[in-house]
Amino acid sequence: MKLSAAILSATAIGLSAVQVANAQQTQPACSSVYTRKELLSLTASEWSLYKSILTAMQRDGWFAWFSYLHNTWFGSIHGQSQFFPFHRRFVYEWEKTGKRYNSAFAQPYWDEMRDYRTPASSQVLTSNWVGGNGQGTNRCVQNGLQAGWTMTYPNSHCFSRSFSNNGNPTSWYSPEYIESVIQRSADMTAFRPGIEYSLHGIVHLNMGGDMAQRYSPNDWIFMLHHANLDRLWWQWQSGHNHMWTMDGPNSDGNAISINSNIAYFNEPIRNVMQLGYGQMCFQYSSNPIRRRNLDASTTQKISAALPQDVLSEWFPDTAKSPAAAVATVDSAVAASGKPIPYPGTLTDDWISKQHLDRAAVRRVEADARSFVDAMKKAKYNSPH
Ligand SMILES: [Cu+2]
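Only a predicted model underlies this, so the values are computations on that prediction, with no experimental measurement involved.

Student: Is there a simple way to think about the coordination of the copper ion in this case?
Tutor: Put simply, a metal with four donors set out as a tetrahedron has ideal angles of 109.5 degrees, and one with six donors set out as an octahedron has ideal angles of 90 or 180 degrees. Binding of the copper ion to the protein goes through His70 (NE2), His78 (NE2) and His87 (NE2), at separations of 2.0 to 2.1 Å. One chain supplies every donor for the copper ion, spaced along it as H-x7-H-x8-H. Of the two residues, His70 sits in helix α3 (residues 62-72) while His87 sits in helix α5 (residues 83-101), which places them 17 residues apart along the sequence. Looking at His87, the relative accessible area reads 3%, which means it is buried.

Encoded structure:
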């Protein structure tokens, strides 16, 4: 007893010393950390366990509850800096709910950039996983995890998807472009729209049906999608010196900071900033099997293939230390590359339904097209 009291008071003293040195870091380190895997890397037994958990969550009304929350708070959590912290906390809440059914549950992510050329042909969208496009007039989904489900929020309807562009969703954003956004964003005011108005928006729009609504958590793709976006935020935070970066206006118009509360949850943003601390006892797998997005081989390929001026403009971090990367470029991958296609754009209708700043969306889309043009001009072929 005496010993643990001594440790406790030492910890308390230690904490206040840390607080002086680093006011941000107030959460204790996790004693153990679990891994959020890429969906397609789950084992057969993990996936069958997860399917039974998710089916029970639907039976107990959790899909409806999370859709209700997302719809109700929609205006405070999109188009502004609350976007990343709110969705990190929201997906965590979902995951914690799943863990009540079985503690082995960990919310997977969809490695979406891998499927950017032809999203509809993604393995994720097959009957083995989350199923594909809806059928018939009501676009009811008839295969995969949520086949034949009836959703109850905001009213009773079949679970639906309606792929955009007449079932042929447009390309979305390459691993190279997302990497470029990560490297070029100096603050949250740049990073948030760079991701929210690019990959975030087009996946919601391209999936259509429930996923294109303000109650999009009806589609489990929502959680796969936001876990992936969260993984990108973490990559920007941890790999690019932005661990505690939070700026821009809050939903009330005042400046946001890590001491502001997360919308709905009323907990300070700082509590969710650092994975591996406080309640955020998870990490993301780096997906070693597929070696696709945002990994060393991509940046190596980029740095070997592009001249210094193009690197400096689009990949400033890579430009600072290209030599080591060039030495290990994967030539087999480089030889089989193809030019990057233009990403699709968000529709005016969807932008206005989501109450997003249309000019800001179009700026991000124009940036992404300039990127494709710059890569084309530099004769860059993507291995992805
Ligand atoms: Cu959202």
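Student: Explain the UniProt feature "domain: Tyrosinase copper-binding" (unreviewed entry) in the chain to me, please; I cannot follow it from the model alone.
Tutor: In the numbering used here, UniProt assigns the feature "domain: Tyrosinase copper-binding" (unreviewed entry) to residues 78-95. Regarding residues 78-95, the helix share stands at 72% and the strand share at 0%, and the terminal C-alpha atoms are separated by 21 Å.

Student: What am I meant to see in the nonpolar core here?
Tutor: The nonpolar side chains of a soluble globular protein tend to be buried, and buried together. Core analysis: the biggest nonpolar cluster contains 101 residues, and Trp94, Trp220 and Met375 have the highest contact counts within it. When residues of this core are assigned to their parent elements, the largest contribution, 10 residues, is made by helix α9 (residues 221-239). Beyond its immediate stretch of four places on either side in the chain, Trp94 contacts Leu54, Met57, Trp62, Phe63, Phe66, Phe105, Gln107, Trp220 and Met223.

Student: Help me understand the state of the cysteines in this model?
Tutor: Between two cysteines, a covalent bond joining their sulfur atoms is known as a disulfide. Applying the stated criterion across every chain yields a total of two disulfides. Sulfur-sulfur distance for the disulfide between Cys30 and Cys281 comes to 2.1 Å. Judged by the sign of its S-S torsion, about -85°, the cystine formed by Cys30 and Cys281 is left-handed. Of this pair, Cys30 sits in the loop between α1 (2-21) and β1 (34-36) while Cys281 is found in the loop between α10 (270-273) and β4 (282-284), placing the two residues 251 residues apart along the sequence. Considered together, Cys30 and Cys281 belong to a single accessibility category, that of buried residues. Across the disulfide from Cys140 sits Cys158; the S-S distance is 2.1 Å. In this structure, the disulfide formed by Cys140 and Cys158 twists by about -85° around the S-S bond and is classed as left-handed. Of this pair, Cys140 sits in the loop between α5 and β2 (150-151) while Cys158 is found in strand β3 (residues 157-158), placing the two residues 18 residues apart along the sequence. Judged by relative accessible area, which is 18%, Cys140 ranks as buried. Relative accessible area serves as the criterion here: at 23%, Cys158 is assigned to the partly exposed category. Sequence-ordered numbering of the disulfide-bonded cysteines in the chain gives the connectivity 1-4, 2-3.

Thresholds applied
- Residues numbered from 1 in each chain as written.
- Predicted model: local features only at pLDDT ≥ 70, side-chain atom pairs only at ≥ 80, totals over all residues.
- Heavy atoms only, no water.
- Donors = N, O, S within 2.8 Å, 3.2 Å for Na, K, Ca; no water.
- Helix = DSSP H or I, 4+ residues; strand = E, 2+ residues; numbered from the N terminus.
- Buried < 20%, exposed > 50% of the residue type's maximum accessible area, 1.4 Å probe, protein only.
- UniProt positions renumbered as here; feature names shortened; annotations may be inferred.
- Core = buried A, V, L, I, M, F, W, Y, C linked by side-chain atoms within 4.5 Å.
- Contact = heavy atoms within 4.5 Å.
- Disulfide = S-S within 2.5 Å.

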